[in-house]
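Descriptive analysis of the structure
Residue-level listing of the chains:
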Amino acid sequence: QVQLVESGGGLVQPGGSLRLSCAASGFTFSTCAMSWYRQAPGKERELVAHITSAGGSTDSADSVKGRFTISRDNAKKTVYLQMNSLKPEDTAVYYCHAERRAGYYGGYYYTPLNHWGQGTQVTVSS
């Protein structure tokens with residue numbers, strides 16, 4: 001079955017760094033765009049960063065530009081979020097998301113996919 005398993009969260013002091021990982025299984029990882037979202041208590045889930053299926057293009061929220069970097073390793077079926085210069089307002093549960101539109105990838109037809117991981121807590125506090 002489709003699975004996304006996040007890891008790497010924890011407690012870090014302001015100004016510190018963390019690297020989140022999301023390991024994928026049960027689907028063809030290289031056909032999916034991957035994203036990191038976050039949800040703070042009492043707030044809506046928001047997009048943090050996005051990377052295309054081949055990793056050729058990335059985008060991130062203005063609030064994390066210059067501090068967070070998304071990357072992926074299709075051979076390891078893993079997407080990463082490197083978070084530097086963390087701030088207390090970065091405190092949230094971080095979720096990995098996989099998305100694929102129906103279509104041909106590498107000559108093979110794939111159906112749509114939309115799947116979330118279970119989330120990992122990131123707390124930035126002194």
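What you see is a predicted model; the values in this text were computed from it and never measured.

To continue, consider the packing of aromatic side chains. On inspection of all chains with the given rule, the structure shows five aromatic pairs. Ring centres of Y95 and W116 lie 6.5 Å apart, and the angle between their planes is 90 degrees; on these two criteria the pair is classed as edge-to-face. One end of the pair, Y95, is in strand β9 (residues 92-100); the other, W116, is in strand β12 (residues 113-116), and 21 residues separate them in sequence. Residue classification places W116 among the partly exposed residues on the basis of a relative accessible area of 32%. Their ring planes at 65 degrees and their centres at 5.4 Å tell us that Y104 and Y109 sit as a pair that is edge-to-face. Taken together through their ring pairs, the aromatic side chains of Y37, Y95 and W116 make up a single cluster. Over the aromatic face of F29 sits the side chain of R72, whose NZ or CZ is 4.4 Å from the ring centroid.

Mapped onto the fold, C96 is located in strand β9. Linking C96 and D59, residues 37 residues apart in sequence, is a C-alpha distance of 15 Å. Setting aside residues no more than four positions away along its own chain, C96 makes contact with L4, E6, C22, M34, S35, W36, V79, H115, W116 and G117.

Following the sequence through the fold, R72 ends up in strand β7 (residues 68-73). Buried and unpaired, R72 has no salt bridge, with D73 as the nearest side chain of opposite charge at 8.2 Å. At 3.0 Å, the side chain of R72 and the backbone oxygen of F29 are in polar contact. Separated by 3.3 Å, the side chain of R72 and the backbone oxygen of S53 make a polar contact. Non-local contacts of R72, meaning those with residues more than four positions away in its chain, are made with F29, S30, C32, A33, M34, I51, T52, S53, G55, T78, V79 and Y80.

Spatially, the four strands line up as an open sheet ordered β1-β3-β8-β7, and their pairing is antiparallel. Every other strand in the sheet has two partners, leaving β1 (3-7) and β7 as the edge strands with one partner each. Neighbour-to-neighbour, the strand axes of the sheet open up by a mean angle of 15 degrees, direction not taken into account. When strand β3 (residues 18-25) meets strand β8 (residues 78-83), the two strands line up antiparallel, connected through six bridges. The residue bridging C22 from the neighbouring strand is V79, located in β8.

The rules behind each value
Residues numbered from 1 in each chain as written. Predicted model: local features only at pLDDT ≥ 70, side-chain atom pairs only at ≥ 80, totals over all residues. Heavy atoms only, no water. Phe/Tyr/Trp six-rings, centres within 6.5 Å; stacked < 30°, edge-to-face > 60°. Helix = DSSP H or I, 4+ residues; strand = E, 2+ residues; numbered from the N terminus. Buried < 20%, exposed > 50% of the residue type's maximum accessible area, 1.4 Å probe, protein only. Lys NZ or Arg CZ within 6 Å of the ring centre and 35° of its normal. Contact = heavy atoms within 4.5 Å. Lys, Arg positive; Asp, Glu negative; His and termini not counted. Salt bridge = Lys/Arg side-chain N within 4 Å of Asp/Glu carboxyl O. Polar contact = N/O pair within 3.5 Å; in protein donor to acceptor, adjacent residues only side chain to side chain. Pairing = 2+ DSSP bridges. Axes fitted to C-alpha atoms, helices over the stretch in contact; angles between N-to-C directions.

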